[in-house]
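Listed below, chain by chain, are the residues.
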Amino acid sequence: MSEALLASEAGTGVTAPAPTSGARQFWRRLRTQRAALVAAAVVALLVLVALAAPLLTAIEGQDPSTYHPDLIDSGRGGVPIGSFGGVSAEHWLGVEPQTGRDLFARLVYGARVSLGVALAATLVQVLLGVTIGIAAGLGNRWVDQVLSRATDVIVAMPLMVLSLALMAIVPSGFPRPVLVALVIGLVAWGSTAKIVRAQTITLKELDYVAAARLSGWSTWRIARRELLPGLAAPVITYAALLVPLNITVEAALSFLGVGVKPPTASWGQMLTSADIWYQAAPQYLLLPAGALFVTVLALTVLGDGVRTALDPRAASRLRVGTGKKREGKA
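Residues numbered from 1 in each chain as written. Predicted model: local features only at pLDDT ≥ 70, side-chain atom pairs only at ≥ 80, totals over all residues. Heavy atoms only, no water.

**So, the overall build of the protein chain**
A tally of regular secondary structure across the protein chain gives 14 helices and 2 strands. Relative to its full complement of 330 residues, the protein chain shows a buried share of 42%. Once local pairs closer than 6 in sequence are excluded, the contacts in the protein chain between residues at least 24 apart make up 71%. A total accessible area of about 17500 Å² is found for the protein chain, and carbon and sulfur atoms account for 67% of it. (Helix = DSSP H or I, 4+ residues; strand = E, 2+ residues; numbered from the N terminus. Buried < 20%, exposed > 50% of the residue type's maximum accessible area, 1.4 Å probe, protein only. Contact = heavy atoms within 4.5 Å. Areas by Shrake-Rupley, 256 points an atom, 1.4 Å probe, with all protein chains shown as cover.)

**Brief notes about empty space enclosed by the protein**
Where empty space is left in the structure can be found by rolling a water-sized probe over the atoms. This model, assessed by the stated rule, comprises 1 cavity of 30 Å³ or more. Considering only enclosed or pocket space, the largest cavity measures out at about 30 Å³ in volume. Lining of the largest cavity is provided by T192, I195, V196, P234, V235 and Y238. Here the lining of the largest cavity is composed, by residue class, of 5 nonpolar, 1 polar and no charged. (1 Å grid on protein atoms, 1.4 Å probe; cavity = no way out; pocket = protein on both sides within 12 Å on 5 of 7 lines; lining within 4 Å. Points joined across faces, edges and corners; volume = space filled by probe spheres on them. Nonpolar A, V, L, I, M, F, W, Y, C, P; charged D, E, K, R; others polar.)

**A closer look at a positive patch on the surface**
Residues R24, R28, R29 and R31 make up a contiguous surface patch of positive charge. By the element assignment, R24 lies in helix α2 (residues 22-31). (Patch = residues over 30% accessible without salt bridge, like charges linked within 9 Å, V, L, I, M, F, W, Y side chains within 5 Å. Salt bridge = Lys/Arg side-chain N within 4 Å of Asp/Glu carboxyl O. Lys, Arg positive; Asp, Glu negative; His and termini not counted. Charge placed at Lys NZ, Arg CZ, Asp CG, Glu CD.)

**Here's the deal with the packing of helix α5 (residues 103-138) against helix α8 (residues 176-187)**
Geometrically, a packed helix pair is captured by the angle between its two axes and the distance between the axes. One can describe the packing of α5 onto α8 by two numbers: an axis separation of 8 Å at closest approach and a directional angle of 35°. When the axes of α5 and α8 are compared, the crossing they make is right-handed. Here V113, V117, A120, A121, V124, Q125 and L128 of α5 come into contact with α8, specifically with P177, V180, A181, L182, I184, G185 and L186. Residues that form the contact of α5 with α8 fall into these classes: 12 nonpolar, 2 polar and no charged. (Axes fitted to C-alpha atoms, helices over the stretch in contact; angles between N-to-C directions. Left-handed = near helix turned anticlockwise from the far one by under 90°.)

**Here's the deal with unusual backbone geometry**
Positioned with a positive phi, Q98 is a non-glycine residue whose angle comes to about 70°. By the element assignment, Q98 lies in the loop between β2 (79-80) and α5.

**Regarding the nonpolar core**
Judged by nonpolar contacts, the single largest core of 27 residues is most densely connected at I247, W267, Y284 and L292. Of all the secondary structure elements, the ones that give two or more residues to this core are α3 (34-51), α5, α11 (219-255), α12 (267-274) and α13 (282-310). Residue contributions to this core peak at 8 residues, all from α13. In this structure, I247 is in contact with S114, L115, A118, L292, T295, V296 and L299, ignoring residues within four places of it in sequence. Ranked by size, the runner-up nonpolar core spans 16 residues in total, among them V130, L203, A212 and V235. (Core = buried A, V, L, I, M, F, W, Y, C linked by side-chain atoms within 4.5 Å.)

**Let's talk about the pattern of salt bridges**
Tallying each qualifying case throughout the model produces 6 salt bridges. D152 is paired through a salt bridge with K194; the nearest N and O atoms lie 2.9 Å apart. With a gap of 42 residues between them, D152 in helix α6 (residues 141-156) and K194 in helix α9 (residues 190-203) connect regions that are remote in the sequence. On the accessibility criterion, K194 (41% relative accessible area) is partly exposed.

**Describing the confidence of the model for the protein chain**
In this model, the protein chain carries a mean pLDDT of 82, and residues with pLDDT of at least 70 account for 88%. Segment residues 1-20: pLDDT under 50, and 21 contacts once partners within four positions in sequence are set aside and those in other chains are kept. Across residues 320-330 the pLDDT falls below 50, and counting only partners more than four positions away or on other chains, this stretch makes 1 contact in the model. (pLDDT = per-residue confidence, 0-100.)

**Considering a nonpolar patch on the surface**
A surface patch of nonpolar side chains, about 320 Å² in accessible area, is lined by F174, V178, L182 and L186. Mapped onto the elements of the fold, V178 is located in helix α8. Judged by its relative accessible area of 42%, V178 falls in the partly exposed class.

**Focus: the environment of P263**
With respect to the helices and strands, P263 occurs in the loop between α11 and α12. Judged by relative accessible area, which is 52%, P263 ranks as exposed.

**Quick look at the side chain of T308**
Inspection of the secondary structure assignment puts T308 in helix α13. Separated by 2.9 Å, the side chain of T308 and the backbone oxygen of D304 make a polar contact. (Polar contact = N/O pair within 3.5 Å; in protein donor to acceptor, adjacent residues only side chain to side chain.)

**Some details on the packing of α12 against α13**
Packing of α12 against α13 brings their axes to within 9 Å, and their N-to-C directions diverge by 145°. In this structure, the crossing between α12 and α13 has a hand that is left-handed. In contact with W267, M270, L271, S273 and A274 of α12, α13 contributes Y284, L285, P288, A289, A291, L292 and T295. When the residues that make up the contact of α12 with α13 are grouped by side-chain class, the tally is 10 nonpolar, 2 polar and no charged.

**Considering the packing of aromatic side chains**
Within the structure shown, the criterion is met by 1 aromatic pair. With centroids separated by 5.0 Å and ring planes inclined at 55°, the aromatic side chains of W92 and F104 adopt a geometry described as tilted. Here F104 lies in helix α5 and W92 lies in the loop between β2 and α5, a separation of 12 residues in the sequence. Judged by its relative accessible area of 36%, W92 falls in the partly exposed class. In this structure F104 comes out as buried when scored by relative accessible area, which is 13%. (Phe/Tyr/Trp six-rings, centres within 6.5 Å; stacked < 30°, edge-to-face > 60°.)

Given below as structure tokens:
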């Protein structure tokens, strides 16, 4: 509740109720969703694996860039020697066709790139979207029109086509994971800005924001002290759903050859090289594809759980038939 509104209530002798802990309520609601908790555990495990990639590869005794030509059969076109793609005590998940690079090392280092790019791109999208959305919602008619039309242009542009164009003109010496994150964030902030603008227009009509204006607060102070707390729930919810989307975009860009470049390991880049090996060495395709599937699924379920916990009135879109069960119990 606004400090200005609290002051006005104090002047009238009305005691405002103490606000309850929003974080505590959110955690209590989230704990009731078993699927979201399982998804959170999976995401935490993936993040831990990505952070501990150097330690895990050191335990295995391998690294993601060393070639092992003695582990591939040149006479068969570079197929790994041995069963299950060369799985052994030294190479836990086998080796890469043609190069003999360790698949486990490339998979865990690829998690670093894929998750890091997705999180960084989401951060850029949220920062740009929140800033432009609040500016449009609080600005005058001219500012709102200019920013809204610019947002409409960004939303209307095909994400993949624009990303491909930007990736193609940037010098090859620029760090590729950083470039991918910036490109995704800079061309995909429009939806966030539209959501924030709509929420800002709704919030600025509420009593506590009007009280802050009457108290002479500046626009920046109103946005920081009154609007941002009210925008936290929809922004966090949307950001949680953006992360899996950005992972798939990074994978698609790498698959098309304009994303992360070899020898840097990335799940999308691994899929690019694996598309011709699905018969001779199926694990080379299934491992990065399975990692992408599990990560995107876990992040999607977690994002839906966060959305439901922040807004209890919204039913989970991933639950089938629960509404009928609740109606029957009632």
